[in-house]
Amino acid sequence: MTDLTIAAPAAPEPTDDELTDQPADTDPEGTGQEPVKVPRERRVNAWRDRRKAARAARRGPRPRTADRSRWAIAGVVALALLVLVIVVVGLSVSLGPLRDTALAVHIDPTAASLWWIGVDGLVVVAIIAAVVLRHDPWARWYALGVVAFFTAASGLLQFLHGLGLTAPDQAAGGDPTLPKAVVALVAALVIGTIFCATHLLVYVLRHLFPNAMGDQPKHPAAGGEKTSEEAPEQRSTDSDTEDGSADNDRPEPPALDPETDREVRKWFAACAVHLILDAGGKPTRAGIARSFGIADRQAGYVIADVVADREEAAERAAAHARDESGRELIASMNGSG
């Protein structure tokens, strides 16, 4: 025979009224002592904690952060694909006007069909270079200047094509005759694509791989090489010694880590800002960043902090002066009385 086990129904959870009427704990050992009464508030809180635990168990575990990160990655990928589609459509629309313009200035048909890549493609490359070089003010503005120039030039050529100036002459069966200014612009774009693309590539490589390009930091604390002015002095010091072993055995000062070096540069920059303000000048972010080798944004923070500190010090001095004048007034009134 099969054993049948009937589970007893779960007892319903007590309500607030039942908790109120719940008797005090009995004396299990029969010691004759009075039972310890549990406060009603503590019993209610324990019952609510059990209710919360039961609801959390039925609801299940919360979604993990990895799930949200997967959704974020999926959203970024979808956005990147949408942007790629938009860029491809824009480049395909720009193909016709730039190709007709290149044919109008007597460029080879095969090269004219590919010329649009050099103009519009350089705009995309310059935008990416501006993002990579965002911490170098001059390089960033150079990349943005390339974006602005080639975007304006491409838009102008497409505008002229829309007016029919660079479109093929269907009636005459040949290419139109363009003004000299348009021909000069096309020639400048041909040379500019080669120069600017190569120059931007060199900038990005020097920024991402400074050691591979042979660049060394100029600051001595960052491990840079000694300058040519220091070399003769070092050679003369070595010649004064008998065998040169004293200078060679001298331990070199330890190089600062990048974080400490940056803080030291910011401290000196703050001192310079104080001196400039004391002299009645106006410090600029570009000048401070270039002089002390810090980022343009960090230079702005340093200037703002120094100005805020000076304003706070001026307010404290004014408050102190008011307090002193008040004390002197009170003292004079007391003396006159």
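It should be emphasised that the depicted structure is a prediction, and the values quoted were computed from it without experimental measurement.

Caption draft 1: Molecular detail of the overall build of the protein. Scanning the protein from terminus to terminus reveals 11 helices and 0 strands. The long-range share in the protein, meaning contacts at least 24 apart out of those at least 6 apart in sequence, stands at 58%. Roughly 24,800 Å² of accessible area belongs to the protein as shown, and the carbon and sulfur atoms make up 61% of that amount.

Caption draft 2: Fine view of the side chain of Arg265. Its place among the elements puts Arg265 in helix α9 (residues 258-278). Among the polar contacts listed, one links the side chain of Arg265 to the backbone oxygen of Phe292, at a separation of 2.9 Å.

Caption draft 3: Broad picture of the nonpolar core. Core analysis: the largest hydrophobic core is formed by 31 residues, its most contacted members being Trp115, Val146, Phe150, Leu157, Leu189 and Leu200. Counting only elements with at least two residues in this core, the list comes to α3 (65-104), α4 (109-132), α5 (137-162) and α6 (180-208). With residues up to four places along the chain from it excluded, the contact list for Val146 reads Leu122, Ala126, Cys196 and Leu200. Counting 10 residues, the second-largest nonpolar core is a separate cluster that includes Ala269, Ile294, Val302 and Val306.

Caption draft 4: Up close: a nonpolar patch on the surface. A grouping of Leu79, Leu82, Val83, Ile86, Val87, Val124 and Ile128 is seen on the molecular surface, where their side chains present a nonpolar patch of about 610 Å² in accessible area. Contributing elements (two or more residues each) for the nonpolar patch: α3 and α4. The dominant element in the nonpolar patch, judged by the number of residues it contributes, is α3, at 5 residues. Note that Ile86 resides in helix α3. Assessed through its relative accessible area of 54%, Ile86 is described here as exposed.

Caption draft 5: Focus on the confidence of the model for the protein. Overall, the prediction assigns the protein a mean pLDDT of 75, with 67% of residues at 70 or greater. Within the protein, no element has a lower average pLDDT than helix α7 (residues 230-240), which sits at 48, and none a higher one than α5, at 90. Throughout residues 219-233 the model reports pLDDT below 50, and contacts reaching past four residues in sequence, or to other chains, amount to 12 contacts. Scored below 50 in pLDDT, residues 235-242 shows 4 contacts in the model against residues more than four places distant or in partner chains.

Caption draft 6: Spotlight on the side chain of Thr193. Relative to the assigned elements, Thr193 resides in helix α6. Classification of Thr193 as buried rests on a relative accessible area of 13%. Within the structure, the side chain of Thr193 is placed 2.7 Å from the backbone oxygen of Val190, a separation counted as a polar contact. Every residue in contact with Thr193, bar those within four places of it in the chain, is listed here: Gly118, Val119, Leu122 and Phe150.

Analysis parameters
Residue numbering note: each chain is counted from 1, following its sequence as written. Totals for whole chains, interfaces and linings use every residue, but because this is a predicted model, local features are given only for residues with pLDDT of at least 70 and side-chain atom pairs only at 80 or more, for both listing and counting. The side-chain values count all of the structure's non-hydrogen atoms but skip hydrogen atoms and water molecules. Each helix is a run of H or I in the DSSP string that is no shorter than four residues. Each strand is a run of E no shorter than two, and both are numbered from the N terminus. Only heavy atoms matter for contacts: two residues are in contact if any of them lie within 4.5 Å across the pair. For the accessible areas, the method is Shrake-Rupley and the probe is 1.4 Å, while residue cover comes only from the protein chains on display. Any pair of nitrogen or oxygen atoms within 3.5 Å is treated as a polar contact; in protein, a donor-acceptor pairing is required on top of that, and neighbouring residues in sequence qualify only through side-chain atoms on both sides. The definition of a nonpolar core used throughout is a set of buried Ala, Val, Leu, Ile, Met, Phe, Trp, Tyr and Cys residues joined through side-chain atoms within 4.5 Å. Relative accessible area decides the class of each residue, using a 1.4 Å probe on protein chains only: under 20% of the type maximum gives buried, over 50% gives exposed, and in between gives partly exposed. Candidate patch residues must exceed 30% relative accessible area and have no salt bridge, after which like charges are joined if within 9 Å and Val, Leu, Ile, Met, Phe, Trp or Tyr side chains if within 5 Å. Note on definitions: salt bridges are taken to be side-chain nitrogens of Lys or Arg within 4 Å of carboxyl oxygens of Asp or Glu. For every residue, the predictor reports its confidence as pLDDT, a number between 0 and 100.

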